[in-house]
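# Tertiary structure, described
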Amino acid sequence: MELLQQDAKKQHGLKQSGRSVTAIWAIVFCLWLITMSAAAQQTGLAGIVKDLKTHRQQALQEKVFLHLDRPQYLSGETMWFKLYNVDGTLHRPLHMSKLAYVEVLDAQNQPVLQGKVPLKDGMGKGSFQVPFTLNSGHYTVRAYTNWMKNFEPEFYFEQPVTILNIYKKLDLKPAEEAAALSVQFFPEGGNLVQGLPCKVAFKVIDASTGKGIAATGEVRNRIGNVVATFEPAAFGIGHFTFTPGADEVYTAVVRADSQRVLAQQLPPVYEQGYTLQLQEAGTSALKLIVRSTLGQKEQVYLLGHARQMVAVGAAGFISEGETVFTVSTDSLADGITHFTLFNSKRQPVCERLYFKQPTQKLDIEATVAKNAFSQREEVQVNLLTQSEPGSVVPADLSLAVYRLDESQTVPTTDISSYLLLTSELQGQVENPMYYLTNKDSKAREAVDNLMLTHGWSRFKWEDIQNRTARTISYTPEYDGHLIRGRLSHSVSGAPASGIAAYLGSPSRHVRLYHAVSDSSGVFQFEVKDFLGPREIVLQTDFREDSTYHFEVFNPFSEKYTAYTRPIFDVSESLEHSIALRHKEVEAQQLYFRAYRQLFKPSGIDSIAFYGHPDQQYFLDDYTRFKVMEEVMREYVSGVMVRKRRGRFHFLLVNKPYKTYFKEDPMVLLDGVPVFDIDKIMAFDPLLVKRLDVITATFLHGPVLYDGIVSYATYKGDLGGFPLDPRALMMEYEGLQQEREFYAPAYATAEEKQSRLPDFRNLLYWSPQILTKADGKGRASFFTSDSAGIYLLVVQGITNNGLFGSQTLTFEVKQPL
């Protein structure tokens, strides 16, 4: 018995020991699972964040905003604008691009006005004169940089404007009744999933105007039962909530009025999937509810990012079909945050947008002495810029003052609403300033509805996660305008690679540009001080190369958004205001035409690209010979004229080494290369004003010249010199020269009594007012003879990315 008891104790001890070991291994295994789960969680989330960060570093975003002086123009008026070019992430003035492209497009996306506007410190000033050839209608002003052409046209700035041509009969086209009503539905998070409650946003617009309209609607299931009703809250946008059933098809019946009824199916209902619902949890927190019908525990990731900067990153497990993330709004950037939900395979499955009202902005205070002024009276505008009350900050502002009437109203967009809102959304947003200037509960609901109906990212997650390299075809214009083109063999049409090409532009300012074509035959010249309409000459060195064909690319983007402009219509109620504008334009054309073509000095560097020459000859200081050979032999000591095999050659003194070069120098006429010296020797020397000689090796980019001989005519126009027929000479529009805004002054009694009628609609325009360290600035102008209510609009930005705008009105009264 004792032996049996001892054996039993031993067996019991072994069992206890085995249980202890098992327990230890179980604990170790659980700890391992927790560790691996945490590691996987961090790896998954960190990988997503890393992918987004890498993408942002490889695809820097620019944003361009235009402050237009007015929303409506008449033919013959000047369209003035200020360009703000900023970093797309931090919204700070960006110094990368040195010019921007501005266009006015008609309803068919055909450019009717185009300009290249210089940028300095991220700012640009430009203008267009609206021609009398344009038809009345809705147009689009758009702007972008060369770098922005690498991305979709939705990245460009666009703003609608109206142009009225009072000298041409209005060609009005009635709206088609069949397209009068348009409805779209947007399930929150992306999809309708059976059995999961979902908020569905909708947008009801009048297709003829593109604007939201009031309507009522019902959602019916397959058998016609009403499961939800809805009505827009603002601008035709609203939402309703319902739970989709299995195997259901839902149809919405929308009624705008008794004449316009539209039945349209809702997006399909999926059997399996995820939903993402956003709710406010108090005043400073958000609750994001994730639901799934997959029926299994799954790890998911939530990423909150604004302008490609990560603000929120969290991981969680869906348990019993649901998990909840709580986010503090204090951690979010001003403007739009994209909340993207990823499944366990790091695939994006839902997205929701949230708009945070700006907490940091530029407060602009604009004041005038009184609310009403008489005709031809001076108005002093005092400006104060602050980052917050009591904290002044210097800023770069632009200011416009124009008369309000039935056809020309208060602008509906500004720099804040564009940078924070519309530049981050797809499609057209009606009255974007409403969402930033109104802070009541109705406005908060309206901006959330907007987030549901205009979701868009400036990138695709598939491209980021697959590490798809974006093709960069356009480089930033760091130092000047880039003229690009292609060089091909004239017979075969094949690309000509590795060929040196030269670009010259006949001018008094000698500039020469050199490029070598790449494997695709593409060449690129970076030109300097290239202002206004010019002639350019492109050629290769005909002494070495066979005949090539030059093609110069269009510098303007040929990609367009799919936005359809509303049908143009003019109400009879606008007849009086249009007639008054007509009188204003005619008075300006008749009495102030000469002041419309005033330009500010360009400040072009007059020194030639080769600097100060070693020898310079003003031919009028010498005996004028009628043959170029005599000129060269008689008093141009640095150039030795020789003939070989019946052809002229120049041998220059290599002054540093006190010897002669063995090859011909680069010979120029008004900055255009002349490779056939026989032609320059046959040119009339009486047309030449100056001759410069560089008596040393000159490095021009990757090319070495054995000296330079540069002839300059009196007018800088080649003086009728016959170019080689293989050269391409063409007209090319350079950068805009800044036009001066003119407004009459009435500082004296005599000026006030001038009999010239002054019916200016635009009283004042200044593209740049710099407030000082004390935040103060000032502008002044005189009222015109046109009585009415005038609107002052001032917008601006600081160096550290604070931006804002302000408006005020005052009245100009006729004398009693």
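Keep in mind that what you see is a predicted model, and the values were worked out from it rather than measured. Every chain is numbered independently, its residues counted from 1 as its sequence is written. Reporting in this predicted model follows two pLDDT cut-offs: at least 70 for local features of residues, and 80 or more for side-chain atom pairs to be given and counted; totals over whole chains, interfaces and linings ignore these cut-offs and use all residues. Each side-chain value is derived from all of the structure's non-hydrogen atoms; neither hydrogens nor water enter the calculation.

### What to know about the nonpolar core
- Joining through side-chain atoms within 4.5 Å is the link that ties buried Ala, Val, Leu, Ile, Met, Phe, Trp, Tyr and Cys residues into a set, and such a set is a nonpolar core. With a 1.4 Å probe rolled over the protein chains alone, any residue whose accessible area is under 20% of its type maximum counts as buried; one over 50% counts as exposed, and the rest are partly exposed. Ranked by internal contacts, the top residues of the largest apolar core, which has 56 residues, are Leu-66, Leu-83, Val-102, Leu-421, Tyr-435 and Met-451.
- Only heavy atoms enter the contact rule, under which two residues are in contact if any of them lie within 4.5 Å. Those residues within four positions of Leu-421 in sequence are excluded, and the remaining contacts are Ile-336, Phe-355, Ser-416, Pro-432, Tyr-435, Leu-436, Leu-450 and Met-451.
- In terms of nonpolar packing, the next biggest core, distinct from the first, is built from 46 residues, Val-510, Val-631, Val-639 and Ala-727 among them.

### A look at the sheet that holds strand β46 (residues 708-713)
- DSSP-based pairing: two strands are paired if at least 2 bridges between them are found. Helix and strand definitions follow DSSP, with helices as H or I runs of at least four residues and strands as E runs of at least two, each counted in order from the N terminus. Taken together, 5 strands build an open sheet; the order of strands is β37-β43-β46-β41-β42 and the sheet is mixed. In this open sheet, the two strands that pair with only one neighbour each are β37 (615-618) and β42 (672-673).
- Looking at chain direction, β37 and strand β43 (residues 688-694) are connected through 4 bridges and run antiparallel. Note on β43: the bridge partner recorded for Tyr-617 is Leu-691.

### What to know about the sheet that holds strand β51 (residues 803-813)
- Across the sheet, which stays open at both edges, the 5 strands sit in the order β27-β51-β50-β30-β48 with mixed pairing between neighbours. In this open sheet, the two edge strands, each paired with only one partner strand, are β27 (372-374) and β48 (762-770). Going from strand to strand, the sheet's axes swing by 25 degrees on average, the running direction of each strand aside.
- With 10 bridges joining them, strand β50 (residues 788-797) and β51 adopt antiparallel strand pairing. Counted as the bridge partner of Val-794 is Gln-806 from β51. Interaxial angles span 0 to 180 degrees and are taken between N-to-C directions of axes, which are lines fitted to C-alpha atoms, for helices over the stretch in contact.

### Section: a nonpolar patch on the surface
- A surface patch of nonpolar side chains, amounting to about 300 Å² of accessible area, comprises Leu-590, Tyr-591 and Leu-756.
- Mapped onto the elements of the fold, Leu-756 is located in the loop between α9 (749-752) and β48. Put simply, a patch holds well-exposed residues, over 30% relative accessible area, that have no salt bridge, with like charges counted together within 9 Å and Val, Leu, Ile, Met, Phe, Trp or Tyr side chains within 5 Å. Per-residue and other accessible areas follow the Shrake-Rupley method at a 1.4 Å probe size, with only the shown protein chains counted as cover for residues. In what follows, salt bridge is the name for a side-chain nitrogen of Lys or Arg lying within 4 Å of a carboxyl oxygen of Asp or Glu.

### Some words on the side chain of Asp-405
- Among the structural elements, Asp-405 can be located in the loop between β30 (396-403) and α2 (415-420).
- For Asp-405, a relative accessible area of 13% puts it in the buried group.
- Polar contact is defined as a pair of N or O atoms within 3.5 Å, subject to the rule that within protein one atom must be able to donate a hydrogen and the other to accept it, and that residues adjacent in sequence are counted only when both atoms are side-chain atoms. At 2.6 Å, the side chain of Asp-405 and the backbone nitrogen of Gln-408 are in polar contact.
- Excluding residues that lie within four positions of it along the chain, Asp-405 makes contacts with Ser-577 and Arg-581.

### Structural notes on the environment of Ser-398
- Looking at the element boundaries, Ser-398 is found in strand β30.
- For Ser-398, a relative accessible area of 0% translates into the label buried.
- When sequence neighbours within four positions are dropped, the list of residues in contact with Ser-398 reads His-67, Lys-82, Tyr-84, Trp-765, Ser-766, Pro-767, Val-793, Val-794 and Gln-795.
- In this structure the side chain of Ser-398 is engaged in a polar contact, spanning 2.7 Å, whose partner is the side chain of Tyr-84.

### Some remarks on the packing of aromatic side chains
- Planes of paired rings set the category: under 30 degrees apart is stacked, over 60 is edge-to-face and the rest tilted, where pairs are Phe, Tyr or Trp rings (Trp by its six-membered ring) whose centres lie within 6.5 Å. Within the structure shown, the criterion is met by 43 aromatic pairs.
- Consider the rings of Phe-185 and Phe-230, whose centres lie 6.1 Å apart with planes at 85 degrees: the pair is edge-to-face. Of this pair, Phe-185 sits in strand β9 (residues 181-187) while Phe-230 sits in strand β14 (residues 226-230), and the two are 45 residues apart along the sequence.
- Of the residues examined, Phe-185 reaches a relative accessible area of 9% and is grouped as buried.
- Phe-230 sits in the buried class, given a relative accessible area of 6%.
- An angle of 80 degrees between the planes, with centres 5.4 Å apart, marks the rings of Tyr-434 and Tyr-435 as edge-to-face.
- Residue Tyr-434 is classed as buried on the basis of its relative accessible area of 16%.
- Three or more aromatic residues joined by ring pairs make a cluster, and in this case those are Trp-80, Phe-373, Phe-741, Tyr-764, Phe-781, Tyr-790 and Phe-810.
- Here, a charge over a ring is recorded when the distance from Lys NZ or Arg CZ to the ring centre is within 6 Å and its angle to the ring normal is within 35 degrees. The ring of Tyr-101 has Lys-149 lying over it, and the distance from NZ or CZ to the ring centre is 5.0 Å.
- Here the basic side chain of Lys-643 rests over the ring of Phe-648, its NZ or CZ set 4.6 Å away from the ring centre.

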